[in-house]
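Close look at the chain arrangement
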Amino acid sequence: MGHLITVATCSLNQWALDFKGNLARTLESIRIAKDRGATLRIGPELEITGYGCADHFLEGDTYLHSWEVLGQILSSKEAEGMLLDIGMPVMHKNVKYNCRIIILNSKILLIRPKMFLANDGNYRELRWFTPWAKHRTTEDHYLPRMIQKITGQVTVPIGDAVISTHDSCIGVEMCEELFTPNSPHIGLSLDGVEIITNSSGSHHELRKLHTRIDLIKEATLKSGGIYLYANQKGCDGDRLYYDGCAMIVVNGEVVAQGSQFSIGDVEVVTATIDLEDVRSFRSNCSRGIQASTSPSFRRIEANIALSDGRLEDNPAIRPTAVKPVFYHTPEEEISLGPACWLWDYLRRSKTSGFFLPLSGGIDSCATATIVASMCRLVVKSCALGNQQTVADARQVTGESAETGYIPTDPQEFAR
């Protein structure tokens with residue numbers, strides 16, 4: 001008999017230091033995941049603060065406001081009855097960490113700090129955070145009093161541990177950790193972890209999605225397991241565009257994939273999976289020999305079963321089928337990525353447009369083409385009924401809600 005579970009991951013267009021807006025988008029993603037029957041939901045890296053806070057991560061207020069937002073999530077009805085993986089910075093013993101907070105029914109189960117930080121190219125995480133170097137080790141973290149009043153907990157575990165539910169085991173791998181040679185997913189899978197979550201703040205580069213998907217597929221192709229990938233999307237206030245594309249991979253095969261270029265704020269990706277498929281995949285002798293000698297992680301008990309008997313009692317419900325991976329062409333990436341960034345920059349700066357001198361050269365021509373791509377994306381999003389895009393389009397054009405204005409023609413909107 002199978003053990004069917006429904007899990008959810010998401011891409012959120014979070015804004016740096018927009019605590020109110022980030023909370024609303026996080027809660028919306030939780031609502032959508034719950035409506036689809038998910039019992040586990042994960043979000044992007046540092047979703048409470050936004051990834052691009054830069055030196056604001058060195059300020060105490062950033063940590064204070066993060067706890068305030070987490071307190072509202074812990075107290076919300078949306079968070080009841082689901083296992084949630086939330087991203088925010090945490091200061092432990094006066095050391096700043098980039099963390100995942102695992103919560104269930106108004107309780108914090110685990111604070112898991114990032115162990116390998118991105119510090120090359122466009123990333124400078126070592127400027128703001130310290131990696132957690134005590135592998136397979138946890139300590140007691142004393143919670144702020146405002147959180148103690150909500151959870152009834154004085155201390156919670158912080159460190160490198162896993163979550164054990166009634167029917168499975170969940171481990172965390174964060175962004176850069178996937179790209180390292182000795183990634184955490186290796187030890188996690190050998191210790192019986194069946195579900196691995198990866199919350200990222202990964203920006204768009206031409207063809208980078210190929211590398212990302214290859215690494216995620218390889219992570220479960222040899223070791224087996226369920227891999228949930230969440231990513232930031234949009235312009236977070238800096239020069240980078242985060243390209244979303246949340247996905248769910250099972251035993252090396254993609255079963256769910258979100259969009260890479262979208263101007264929507266919240267996108268939730270769900271899949272129904274049979275845990276027995278993971279256990280069957282891992283039944284070979286060689287893996288068993290290595291797993292039997294693998295060091296153990298501390299297991300934090302979670303009073304929840306991810307599987308739902310109602311799914312198994314309904315013969316019409318089947319695990320989500322494997323789907324082919326979708327890749328944009330290089331030309332589409334060049335057109336869509338900068339167009340999404342321009343729209344985010346325009347609506348967040350609350351300006352009414354761009355000034356574009358047309359000299360007839362390749363630079364101005366390329367820029368005009370990207371702006372045209374942006375206008376097409378906006379019109380398409382409005383046609384699909386995205387009310388946030390409609391409101392942003394009215395703000396940019398100076399139209400009030402009373403006029404009922406909705407852009408329907410890209411050329412008209414560009415004017």
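Residues numbered from 1 in each chain as written. Predicted model: local features only at pLDDT ≥ 70, side-chain atom pairs only at ≥ 80, totals over all residues. Heavy atoms only, no water.

1. Some words on the packing of helix α11 (residues 330-349) against helix α12 (residues 362-383)
One way to put it is that α11 packs onto α12 with a least axis distance of 8 Å and a crossing angle of 75°. Classified by the angle their axes make, α11 and α12 are roughly perpendicular. Side by side, α11 and α12 meet where Ile334, Ser335, Leu336, Pro338, Ala339, Cys340, Leu342, Trp343 and Leu346 of the first sit next to Ile370, Val371, Ser373, Met374, Leu377 and Val378 of the second. The residue inventory of the contact of α11 with α12, partitioned by class, reads 13 nonpolar, two polar and no charged. (Axes fitted to C-alpha atoms, helices over the stretch in contact; angles between N-to-C directions. Helix = DSSP H or I, 4+ residues; strand = E, 2+ residues; numbered from the N terminus. Parallel < 35°, antiparallel > 145°, perpendicular 65-115°, else oblique. Contact = heavy atoms within 4.5 Å. Nonpolar A, V, L, I, M, F, W, Y, C, P; charged D, E, K, R; others polar.)

2. Section: the pattern of salt bridges
Taken as a whole and judged by the stated rule, the model has 24 salt bridges. Note that glutamate 333 and arginine 207 form a salt bridge whose closest N and O atoms lie 2.5 Å from each other. Taken together, the positions of glutamate 333 in helix α11 and arginine 207 in the loop between β10 (195-200) and α7 (208-221) put the pair 126 residues apart, joining distant regions of the chain. Here aspartate 344 makes a salt bridge to arginine 348, at a shortest N to O gap of 3.7 Å. Note that aspartate 344 and arginine 348 are positioned in helix α11 at a spacing of four residues, about one turn of the helix. Each member of the pair, aspartate 344 as well as arginine 348, carries the same accessibility label: buried. A single salt-bridge network, built from bridges that share partners, covers Asp265, Asp344, Arg347, Arg348 and Asp392. (Salt bridge = Lys/Arg side-chain N within 4 Å of Asp/Glu carboxyl O. Buried < 20%, exposed > 50% of the residue type's maximum accessible area, 1.4 Å probe, protein only.)

3. Digging into α12
The first and last C-alpha atoms of α12 sit 32 Å apart over 22 residues, in line with the 32 Å expected at 1.5 Å per residue. Turning to α12, its buried residues number three or more, namely Ser364, Ile370, Val371, Ser373, Met374, Cys375, Leu377, Val378, Val379, Ser381 and Cys382. Those residues of α12 that are buried are in contact with α11, α13 (387-397) and α14 (410-414). Taken from the residues just after α12, glycine 385 is the one with a positive phi, measuring 90°. (Expected span 1.5 Å × (residues − 1).)

4. Observations regarding the packing of α11 against α13
Between α11 and α13, whose axes approach to 9 Å, the crossing angle comes to 65°. Judged by the sense of rotation from one axis to the other, the crossing of α11 with α13 is left-handed. Residue-level contacts link Trp343, Leu346 and Arg347 of α11 to Gln388, Thr389, Asp392, Ala393, Gln395 and Val396 of α13. Considering only residue class, the contact of α11 with α13 consists of four nonpolar, three polar and two charged. (Left-handed = near helix turned anticlockwise from the far one by under 90°.)

5. A word on α7
Its 14 residues give α7 an end-to-end C-alpha distance of 20 Å, which sits within 8% of 20 Å, the value for a rise of 1.5 Å per residue. Those residues of α7 lying buried are Lys208, Leu209, Arg212, Ile213, Ile216, Ala219 and Thr220. Viewed end-on, α7 has its buried residues packed into an arc of 130°, placing them on one side of the element. (Arc of directions from axis to C-beta.)

6. Topic: empty space enclosed by the protein
Taken as a whole and assessed by the stated rule, the structure comprises one cavity of 30 Å³ or more. The wall of the largest cavity is formed by Leu40, Leu83, Leu84, Asp85, Ile102, Ile163, Ile170 and Thr197. Per-element tally for the lining of the largest cavity: the top contributor is strand β3 (residues 83-92), with three residues. Partitioning the lining of the largest cavity into residue classes produces six nonpolar, one polar and one charged. (1 Å grid on protein atoms, 1.4 Å probe; cavity = no way out; pocket = protein on both sides within 12 Å on 5 of 7 lines; lining within 4 Å. Points joined across faces, edges and corners; volume = space filled by probe spheres on them.)

7. Examining the layout of surface pockets
In this model, the largest pocket occupies a volume close to 460 Å³. Along its surface, the largest pocket is lined by 20 residues, and Ser259, Phe261, Ser262, Lys380 and Leu384 are the ones closest to its centre. Of all the secondary structure elements, the ones that give two or more residues to the lining of the largest pocket are β15 (266-274) and α12. Considering each element in turn, the lining of the largest pocket owes the most residues, three residues, to α12. Looking at the lining of the largest pocket residue by residue, the class counts come to seven nonpolar, ten polar and three charged. Counted as a void, the second largest pocket has a volume near 310 Å³.

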